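A look at the structure
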Amino acid sequence: MHQGKLIVLSAPSGSGKTTLVRYLLNCEELNLGFSISAASREPRAGEIHGTDYYFLSLREFKDKIKADEFLEWEEVYRDNFYGTLKTEVQRLWDNGKHVIFDIDVVGGLDIKRIYPERTLAIFVKPPSIDELKIRLKKRKTESEDKINMRVAKASTELATAPQFDAIVTNDDLEKAKQEVYQLVKKFLDTSSSAT
Ligand code: 5GP
């Protein structure tokens, strides 16, 4: 069975980690495949089932928890469950890819705990909580209430940063891209082989 490596990018919502994940996915030589998470929230405009997330009903999500189909899952916000299906990681490994995750800090650390040697866990830090709030407002995808909820959660998430293998501060996007690229490249080149 082919087992590739696992690259986790975790961060408070609005830190820019999705942009960094997309950047890494475009670097073909890294041979990364995106782990499509399951989520129980409604799709946002433009989001596609099976591309951005596997959108499940709350009921479907809970059934899969019971059936032990998740590698990790988390109730990230109330009634908004997110998780990595075991079949998803296997699908990417079967395709000869290393897996990259865009997940919250608890899920990221869970992956690291499950596969300590195979995982590089990177924490993407926003320059400040104020900046995070500005970014979330600019994104215009969430209501004021939801933004406040995400900002409140960010403070607790920031406290977990030291548990990650590396911390990248995203105050200058181009610099952050280069930093994550170097970290991932080095990890893929130097640790045990992908097969
Ligand atoms: P959003 O609703 O903005 O797409 O995601 C909300 C949060 O859930 C983000 O921090 C995102 O990284 C996290 N998330 C997405 N997929 C997963 C997953 O599979 N597991 C966990 N634990 N968190 C996830």
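Just so it is clear, the model here is predicted, and its values are computed rather than measured.

1. Some thoughts on the sheet that holds strand S1 (residues 6-10)
On the basis of which strands lie adjacent, the open sheet formed by five strands has the order S2-S7-S1-S8-S9 and parallel pairing. Edge strands, defined here as strands with exactly one partner in the open sheet, are strand S2 (32-34) and strand S9 (166-169). Across the sheet, the mean angle separating the axes of adjacent strands is 25 degrees when strand polarity is ignored. Inspection of the sheet shows S1 paired to strand S7 (residues 98-103) by five bridges, in the parallel sense. What sits directly across from Leu6, in S7, is Val99.

2. Quick notes on the site of the ligand
Around the ligand, 17 residues are found, and the nearest of them are Ser37, Arg41, Tyr53, Glu72 and Tyr82. In this structure, Arg44 approaches the ligand through a side-chain N or O atom, which is 2.8 Å from an oxygen atom. Between the ligand and the protein, one listed contact pairs a nitrogen atom with a side-chain N or O atom of Asp104 at 2.8 Å. Here the ligand, which alone exposes 510 Å², has 95% of that area covered by the protein. When residues of the shell around the ligand are traced back to their parent elements, those giving at least two are strand S5 (70-77), strand S6 (80-85) and S7. Here the element with the most residues in the shell around the ligand is S5; it accounts for four residues. When grouped by side-chain class, the residues that make up the shell around the ligand number five nonpolar, four polar and eight charged.

3. What to know about the packing of helix H1 (residues 17-26) against helix H7 (residues 173-190)
Interaxial distance between H1 and H7 falls to 10 Å at its minimum, and their mutual angle equals 55 degrees. Judged by the angle between their axes, H1 and H7 are oblique. Along this stretch, H1 crosses H7, giving a crossing that reads as right-handed. Side by side, H1 and H7 meet where Thr19, Leu20, Tyr23 and Leu24 of the first sit next to Leu173, Ala176, Lys177, Gln178, Val180, Tyr181 and Val184 of the second. In terms of residue class, the contact of H1 with H7 is made up of eight nonpolar, two polar and one charged.

4. Notes on the UniProt feature "binding site: ATP" (unreviewed entry) in the protein
Here the UniProt feature "binding site: ATP" (unreviewed entry) sits at Ala11, Pro12, Ser13, Gly14, Ser15, Gly16, Lys17 and Thr18. With respect to the helices and strands, Ser13 occurs in the loop between S1 and H1. You can call Ser13 buried: its relative accessible area is 12%. Residues within four places of Ser13 in sequence aside, it is in contact with Tyr77, Leu132, Leu136, Arg139, Arg150 and Glu157. Residue placement: Gly14 occurs in the loop between S1 and H1. Excluding anything up to four places from it in sequence, Gly14 contacts Leu132, Arg135, Leu136 and Arg139.

What counts, and where the lines are drawn
Residues numbered from 1 in each chain as written. Predicted model: local features only at pLDDT ≥ 70, side-chain atom pairs only at ≥ 80, totals over all residues. Heavy atoms only, no water. Pairing = 2+ DSSP bridges. Helix = DSSP H or I, 4+ residues; strand = E, 2+ residues; numbered from the N terminus. Axes fitted to C-alpha atoms, helices over the stretch in contact; angles between N-to-C directions. Near = heavy atom within 4 Å. Polar contact = N/O pair within 3.5 Å; in protein donor to acceptor, adjacent residues only side chain to side chain. Areas by Shrake-Rupley, 256 points an atom, 1.4 Å probe, with all protein chains shown as cover. Nonpolar A, V, L, I, M, F, W, Y, C, P; charged D, E, K, R; others polar. Parallel < 35°, antiparallel > 145°, perpendicular 65-115°, else oblique. Left-handed = near helix turned anticlockwise from the far one by under 90°. Contact = heavy atoms within 4.5 Å. UniProt positions renumbered as here; feature names shortened; annotations may be inferred. Buried < 20%, exposed > 50% of the residue type's maximum accessible area, 1.4 Å probe, protein only.

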